Amino acid sequence: FENLSHKNADKNNADLEKYIESYQFLKEKNIISLPELKESIVTLRDKNYKTTRALKDTEKKIDDRIQLIDQSEKYLKNKDTYKVYAKLKKSKQEDFYNEHTAELILFESTKKYLKDHLGESKTLAISKWKTEVSTLKKEKKSLYNQILEIREEVEQAEKVKTCIEQLQEQKRQLSQVKRNELDL
């Protein structure tokens, strides 16, 4: 019998801790009602969605820049071989092409890629792109950390919402018991 009262005491302590944490959370966030808390959760979820979208956009920009850098470097590496090939007499081109097939094919494909992706600007701004990549990577890290914080806050807010709803249910049950007692 005594064991049972210990279990009840433990449960009451855990409940009390839960209520105190919930109260502190609400006070910290300046939330004074359940509808306000629910609205806050919706806002947080929306912010999480937008930040996740921003993260995906940033990742795509990083990939695009890295691809551009890679293609530019391959283009520059094989450009001289292509120049030699282009200057050769027709009779000598075939042998040269057979010896340098890989470089020449790579040059052609990188040239096409750059033409498609650089638009009007014909400049290979490799160092500028590398700087952009490192800036974008910092931005990505920052966005990722924001997402973790938002998710943590949503989780806390959901726990507090559950806690408040349980309290409201207990209050409702108690007043039902009191009404029943009065009926007797």
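What you are looking at is a predicted structure, and each value in this text was computed from that prediction instead of being measured. (Residues numbered from 1 in each chain as written. Predicted model: local features only at pLDDT ≥ 70, side-chain atom pairs only at ≥ 80, totals over all residues. Heavy atoms only, no water.)

**Q** Could you give an account of the overall build of the protein, with specific residues and numbers?
**A** Within the protein, the secondary structure is distributed over five helices and zero strands. Element order for the protein, N to C, with α for helix and β for strand: α-α-α-α-α. A compact globule built from 184 residues should have a C-alpha radius of gyration of about 16 Å, whereas the protein, at 33 Å, is more than 25% larger. For the protein, with 184 residues in total, the buried portion stands at 25%. Carbon and sulfur atoms form 53% of the exposed surface of the protein, whose accessible area is close to 14300 Å². (Helix = DSSP H or I, 4+ residues; strand = E, 2+ residues; numbered from the N terminus. Rg over C-alpha atoms; globule rule 2.2 N^0.38 Å. Buried < 20%, exposed > 50% of the residue type's maximum accessible area, 1.4 Å probe, protein only. Areas by Shrake-Rupley, 256 points an atom, 1.4 Å probe, with all protein chains shown as cover.)

**Q** Residue-level account of the environment of Val42, with values.
**A** Tracing the backbone through its elements, the reader meets Val42 in helix α2 (residues 34-87). Residue classification places Val42 among the exposed residues on the basis of a relative accessible area of 52%.

**Q** Tell me about the confidence of the model for the protein, and please be specific about residues and values.
**A** Averaged over the protein, the pLDDT score is 91; the fraction of residues at 70 or greater is 94%. Within the protein, the element-level pLDDT minimum falls on helix α1 (residues 2-29), averaging 76, and the maximum on α2, averaging 97. (pLDDT = per-residue confidence, 0-100.)

**Q** Which residues make up the packing of aromatic side chains, and what are the values?
**A** Scanning the model with the defined rule gives five aromatic pairs in all. Look at Tyr75 and Phe107: their rings are 5.0 Å apart centre to centre, the planes differ by 20 degrees, and that puts the pair in the stacked class. Of this pair, Tyr75 sits in helix α2 while Phe107 sits in helix α4 (residues 101-118), and the two are 32 residues apart along the sequence. Like Phe107, Tyr75 is buried. Ring centres of Tyr85 and Phe96 lie 6.2 Å apart, and the angle between their planes is 25 degrees; on these two criteria the pair is classed as stacked. On the criterion of sequence distance, the pair formed by Tyr85 in helix α2 and Phe96 in helix α3 (residues 90-99) is long-range, its members being 11 residues apart. (Phe/Tyr/Trp six-rings, centres within 6.5 Å; stacked < 30°, edge-to-face > 60°.)

**Q** Which residues make up the pattern of salt bridges, and what values do they have?
**A** On inspection of all chains with the given rule, the structure shows 12 salt bridges. Note that Glu132 is salt-bridged to Arg65, the shortest N-O span being 2.4 Å. Highlighted residues: Glu132 in helix α5 (residues 126-183) and Arg65 in helix α2, separated in sequence by 67 residues. Because the salt bridges share partners, they merge into one network encompassing Arg65, Lys128 and Glu132. (Salt bridge = Lys/Arg side-chain N within 4 Å of Asp/Glu carboxyl O.)

**Q** Outline the nonpolar core, listing residues and values.
**A** The biggest cluster of nonpolar side chains holds 12 residues, and these are Ile62, Leu68, Ile69, Tyr75, Phe107, Tyr113, Leu114, Leu118, Ile126, Trp129, Val133 and Leu136. Of all the secondary structure elements, the ones that give two or more residues to this core are α2, α4 and α5. When sequence neighbours within four positions are dropped, the list of residues in contact with Ile126 reads Ile69, Ser72, Glu73 and Leu76. Residues Phe25, Leu34, Ala157 and Val160 belong to the second largest nonpolar core, which totals nine residues. (Core = buried A, V, L, I, M, F, W, Y, C linked by side-chain atoms within 4.5 Å. Contact = heavy atoms within 4.5 Å.)

**Q** Just give me the short version of unusual backbone geometry, but keep the residues and values in it.
**A** Working note: non-glycine residues mostly have negative phi, and peptide bonds are mostly trans. The phi angle at Asn30 is positive, at roughly 60 degrees, despite the residue not being glycine. The topology assignment puts Asn30 in the loop between α1 and α2. For Asn30, a relative accessible area of 64% gives the class exposed.

**Q** Give a description of the packing of α2 against α3 that names residues and reports values.
**A** Remark: α2 packs on α3, axes separated minimally by 8 Å, with the N-to-C direction vectors making an angle of 155 degrees. Classed by the angle they form, the pair α2 and α3 counts as roughly antiparallel. Across the interface between the two elements, Thr81, Val84, Tyr85 and Ala86 from α2 touch Gln93, Phe96 and Tyr97 from α3. Partitioning the contact of α2 with α3 into residue classes produces five nonpolar, two polar and no charged. (Axes fitted to C-alpha atoms, helices over the stretch in contact; angles between N-to-C directions. Parallel < 35°, antiparallel > 145°, perpendicular 65-115°, else oblique. Nonpolar A, V, L, I, M, F, W, Y, C, P; charged D, E, K, R; others polar.)

**Q** Just give me the short version of the packing of α3 against α4, but keep the residues and values in it.
**A** Contact geometry of α3 with α4 gives a least axis separation of 5 Å together with a crossing angle of 90 degrees. The angle between α3 and α4 places the two elements in the roughly perpendicular class. Between α3, through Phe96, Tyr97, Asn98 and Glu99, and α4, the contact on the second element is made entirely by Thr101, Glu103, Leu104 and Ile105. In terms of residue class, the contact of α3 with α4 is made up of four nonpolar, two polar and two charged.

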